[in-house]
Amino acid sequence: MILIISDEKNEDMSYALYENLKGKSADVRLISQDSLPIENNITLFIKNKKLAGEILFNDEIIKISDINAIYTRFGVNISDKKLSQKVKKEIELERQIYMNMFFEHIDAMVINRTKSQFFNSSKLFQSWIIKQYGFKIPDSIISNTPSKIKEFVEQKKQVIYKSASAERSKVQKLKKDDMKKLDLLRYCPHLFQECIEGIDIRVHTLASGETFACEIQSQTSDYRYDKERNIKIIDIPDDIKKSCVQMTLDMGLYLSGIDLRRTKNNDYYCFEVNPSPAFTWYEIQTGLPITNAAADMMINSDRYKNKAIRKY
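Residues numbered from 1 in each chain as written. Predicted model: local features only at pLDDT ≥ 70, side-chain atom pairs only at ≥ 80, totals over all residues. Heavy atoms only, no water.

**So, the confidence of the model for the protein chain**
With 93% of its residues at a pLDDT of 70 or more, the protein chain shows a mean pLDDT of 88. At the low end of the mean pLDDT range in the protein chain sits helix α6 (residues 176-179), at 76; at the high end sits helix α9 (residues 290-299), at 98. (pLDDT = per-residue confidence, 0-100. Helix = DSSP H or I, 4+ residues; strand = E, 2+ residues; numbered from the N terminus.)

Laid out in structure tokens, this is it:
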């Protein structure tokens, strides 16, 4: 059995996978994350050194041992207006721990386990991992000290800044006017990187060994916000494909979205490995069969579920 545990804010990937799996006559269930563990109760315990138990889903009892693969973008926001903010926070924390235990210890393919996604919570640490696979990385600094940031800017000339965590933020070039606001960073350190000129490439990578690459030409520092961007399917060198696959597996991921930039000298820089990529956004614009490949991998989970093992 395959479970799709969907986030109400990110239904595109969940429904695309669900419909594809249904079209392949797979035994699949689509469960709203808001129902776990509220309307659809879940019970967990350890049996013979493995996670066991059951999920009550729409009056159907799903045994944990019958689940072969899971796709999730699980969040923890509680929307019940009857509860105070304090109580909501307490429930959210317990719920997160409860579901993380489920995702982490179930004997199934999970796209992707919570701990494997933690690499993206520290882009600086993730950059160190990325470098082990032959990619170039931009010089970076995380700081809330204006003098250190100014020193870095003087060395690199052109600098971009963004969130240092997994929180989505707009990548922007640091301008002269921004330098006047550096004192504000005392409340929140930012990630600053040397600006690398080149062409953006997104590579969606699966534990099955498949890679799907597209090139994005844009006049902005963050193509996601450029309405004039141009996206097309490309092929990438075999050694780059191999590095993307091995890096994904060693991070314990079954599906990743890898952000590269190719320079005029044909050097490949890697900025980050996204453990929960919005792959349908790229699929719709290019026709890349990412959903179909992910569905096939989940159907054949026994073949791949032990390939993605965290190395770090």
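Back to the write-up after that little detour.
**With respect to the packing of aromatic side chains**
Scanning the model with the defined rule gives six aromatic pairs in all. Here the aromatic rings of phenylalanine 102 and phenylalanine 103 are separated by 5.4 Å at their centres, their planes lie at 50°, and the arrangement is tilted. For phenylalanine 102, a relative accessible area of 0% corresponds to the buried category. Note on tyrosine 161 and phenylalanine 192: the rings are 6.2 Å apart at their centroids and 40° apart in plane angle, and the pair reads as tilted. Of the two residues, tyrosine 161 sits in strand β9 (residues 159-162) while phenylalanine 192 sits in strand β11 (residues 190-194), which places them 31 residues apart along the sequence. Residue classification places phenylalanine 192 among the buried residues on the basis of a relative accessible area of 2%. The structure contains a cluster of three or more aromatic residues connected by ring pairs, namely Phe125, Trp128 and Tyr312. (Phe/Tyr/Trp six-rings, centres within 6.5 Å; stacked < 30°, edge-to-face > 60°. Buried < 20%, exposed > 50% of the residue type's maximum accessible area, 1.4 Å probe, protein only.)

**Some words on the sheet that holds strand β2 (residues 28-32)**
What the four strands build is an open sheet, ordered β2-β1-β6-β7; its pairing is parallel. Edge positions in the sheet fall to β2 and β7 (109-111), since each has one partner strand and no second. Strand-to-strand, the axes of this sheet are offset by a mean angle of 15°, without reference to chain direction. Summarising the sheet, strand β1 (residues 2-6) and β2 pair through five bridges and their orientation is parallel. Bridging across to β2, isoleucine 5 finds its partner in isoleucine 31. (Pairing = 2+ DSSP bridges. Axes fitted to C-alpha atoms, helices over the stretch in contact; angles between N-to-C directions.)

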